[in-house]
Amino acid sequence: MRAQRIQRTVWLLIVSIAFALKAFPLAAHPVLTFTVTSHKEPPVGAKPERGEVKPTDKTFPLVVTFGHRYLITEAEGARTIYDFERLRVLRVTLASASFTDDSLYSDIGFRALEFQNRIMLGSALQAGKLAVNPMEPALMEHLFSLSNPKGTSTIEQRRSGGMREFFSGEHKLMRVSEKTRDLPAAYQAEYWRFLRYYAGGHPQIYAALKSLNGVPQNVTFVLTNMGTETREIALNSIATVADAPYSLEGLVRAPPDTEPRSTLQQLGEDAAAKLGARMDATMKVRDSAIAQGQALEAMLANMAILIMSGDGAGPGAWLAQHREAIQGNESARSLSANLEPRDAAGAQKAVQVLAELHQQSGGMGYMLDVFAGNTFLSLRDGKSGAEHLLAALKVNPYLLGAWSDLAGHYYQSYETDKAWACWDAARRVNPQHSMLRRITEMERQLRTTFPEFF
């Protein structure tokens, strides 16, 4: 009865996928159905009797659609669409018929960032000569499906009873059936790409399987991620769905109920045009303030222009022209002296000075939140740093350099979806901003270094 229920569920999923597909015209798209069986064991040393972590088991259907420039997986009430044309990943919650739309780079970027972190931690644990190292390099390469350029992992392959088994030392990593079902050759690479996204797999294993054609009847991963998961992916069927690109019809974008997405909403479709108007208005504030002897207000406005434009020429020329007036103003001198603290003590002092200057400033005081935010970040107070940067961006969302600063904080905090949300929004306003060009280069490097994910 359980098997019948799974098969009925699989059929319903196929029907839903068929209606969802509506892009990238082809004669037909392969639709694969699997039964996934997962068994998870808690980390070594956990005490299940104390309610810390207990072993878990679950079995569920998985439907996968290959579309050359997209990949769709659907299981457990969620549909994930990897759009390789737009370089986006859409995550659909079927119960609420809503979806999120994030940069595909946020997925690859997180893998690369967390992988290097695990390799570093694993090296430290290895130096401690632990009997069992849960972050052994080969295990992390297998989990993230990435290679450590400085690594020396060796994966051994054994064959037995129509199965290929892959080991790192005594650790079994993967078991692959040599019995396969036909898959059009044009989709073979897409099958391996699906496995990388869905379960991982050591790059050396995929190199060894390159000669295997079709879809294996059974693939089992053993994944070490704190605890250990044994994930079996058993093939049920391969069908085709007629020409129809994927569609989001009937779905709504999930509302931005958290930061930074709430504040990012202020950058509408016409943000690029409004940037010029905001800069013009800020120039008028700057010139009026300096004419009235309000050097601090003028200096803050000039800095806002710099951060909005990413071009230092104009603000630099203005600063040189009015240097004497600025140096003769105590508040402006105090700001200049506290913009780049050299140590923690200097940063703590700068935070206090910036707060005091906030009491003296006028409409441009939000710029002091930008400087305070970055100072807090230098003190590794991410919460306060993000709060101050967002406070400034709520007043002036065209501070593209501040969006870049905030994105850098999210990236270093492993919140890569938030990081790319900031970077993407800022580049939509001005892709040539000097503080954003490095992100475009980083994305190029991700594509070049990890082509198998694109």
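Reading guide: rules and limits
- Numbers given for residues are sequential positions, taken from 1 along each chain in its written order.
- This being a predicted model, a pLDDT of at least 70 is required before a residue's local features are given, and a value of 80 or more before pairs of side-chain atoms are given or counted; all residues contribute to the totals for chains, interfaces and linings.
- Hydrogen atoms and water are omitted, and side-chain values are computed over all heavy atoms in the structure.
- Note on pairing: DSSP must find at least two bridges between two strands before they are called paired.
- Each helix is a run of H or I in the DSSP string that is no shorter than four residues. Each strand is a run of E no shorter than two, and both are numbered from the N terminus.
- In what follows, residue pairs with any heavy atoms lying within 4.5 Å of each other are defined as contacts.
- Helix axes are fitted only over the stretch in contact, all axes being lines through C-alpha atoms; the angle between N-to-C directions runs from 0 to 180 degrees.
- We call two directions roughly parallel when the angle between them is under 35 degrees, roughly antiparallel when it is over 145, roughly perpendicular when it lies between 65 and 115, and oblique otherwise.
- Two helices that cross are described as forming a left-handed crossing if the nearer one is turned anticlockwise from the farther one by less than a right angle, and a right-handed crossing if clockwise.
- The nonpolar class holds Ala, Val, Leu, Ile, Met, Phe, Trp, Tyr, Cys and Pro. Asp, Glu, Lys and Arg form the charged class, and all remaining residues, Gly among them, are polar.
- Lining residues are defined by having an atom within 4 Å of a point belonging to a cavity or pocket. Those points lie on a 1 Å grid over the protein atoms alone, cavities being sets where a 1.4 Å probe fits but cannot get out and pockets being open sets with protein on both sides within 12 Å along at least five of seven lines.
- Grid points are joined across faces, edges and corners, and a volume is the space filled by probe spheres set on the points.
- Side-chain atoms within 4.5 Å are what join buried Ala, Val, Leu, Ile, Met, Phe, Trp, Tyr and Cys residues into a set we call a nonpolar core.
- Between buried and exposed lies partly exposed: a residue is buried under 20% and exposed over 50% of the maximum accessible area for its type, with that area taken using a 1.4 Å probe on protein chains only.

### Some thoughts on the sheet that holds strand β7 (residues 156–160)
Right, so step 1: Spatially, the 12 strands line up as an open sheet ordered β7-β8-β9-β12-β13-β1-β2-β3-β4-β5-β6-β14, and their pairing is mixed. Of all strands in the sheet, those with a lone pairing partner are β7 and β14 (252–253), marking the two edges.
Right, so step 2: Contacts from helix α2 (residues 104–127) reach β4 (78–83), β5 (88–93), β6 (98–103) and β12 (218–225), with the element oriented near 65 degrees to β6.
Right, so step 3: Relative to β12, helix α3 (residues 137–144) is tilted by about 125 degrees, and along the sheet it contacts β8 (163–168), β9 (171–177) and β12.

### What about the packing of helix α15 (residues 400–412) against helix α16 (residues 416–429)?
Geometrically, a packed helix pair is captured by the angle between its two axes and the distance between the axes.
Right, so step 1: In the contact formed by α15 and α16, the axes pass within 7 Å of each other and the chain directions differ by 160 degrees. Our classification of the angle between α15 and α16 gives roughly antiparallel. Both α15 and α16 take part in a crossing whose hand is left-handed. For the pair α15 and α16, contact is made by Leu-400, Trp-403, Ser-404, Leu-406, Ala-407, Gly-408, Tyr-410 and Tyr-411 and by Thr-416, Lys-418, Ala-419, Trp-420, Cys-422, Trp-423, Ala-426 and Val-429, respectively.
Right, so step 2: Counted by class, the contact of α15 with α16 contains 12 nonpolar, 3 polar and 1 charged residues.

### Observations regarding the layout of surface pockets
Right, so step 1: As a volume, the largest pocket reaches approximately 1,000 Å³.
Right, so step 2: In terms of lining, the largest pocket is formed by 42 residues, of which the most central are Arg-111, Tyr-197, Tyr-198, Asn-225 and Arg-231.
Right, so step 3: With 6 residues, the top contributor of residues to the lining of the largest pocket is α2.
Right, so step 4: Considered class by class, the residues forming the lining of the largest pocket number 16 nonpolar, 10 polar and 16 charged.
Right, so step 5: In this structure, the second largest pocket is lined by 25 residues; those nearest its centre are Arg-88, Asp-101, Arg-253, Arg-261 and Gln-265.
Right, so step 6: The set of elements that each furnish at least two residues to the lining of the second largest pocket consists of β6, α6 (261–264) and α16.
Right, so step 7: Examining the composition of the lining of the second largest pocket, we find that 6 residues originate from one element, α16, more than from any other.

### Notes on the nonpolar core
Right, so step 1: Phe-34, Met-174, Tyr-191, Leu-335, Met-367, Leu-399 and Trp-403 are the most contacted members of the largest nonpolar core, which has 109 residues in total.
Right, so step 2: In terms of nonpolar packing, the next biggest core, distinct from the first, is built from 8 residues, Tyr-70, Ile-81, Val-92 and Phe-99 among them.

Function-wise, these values are silent; they only describe arrangement.
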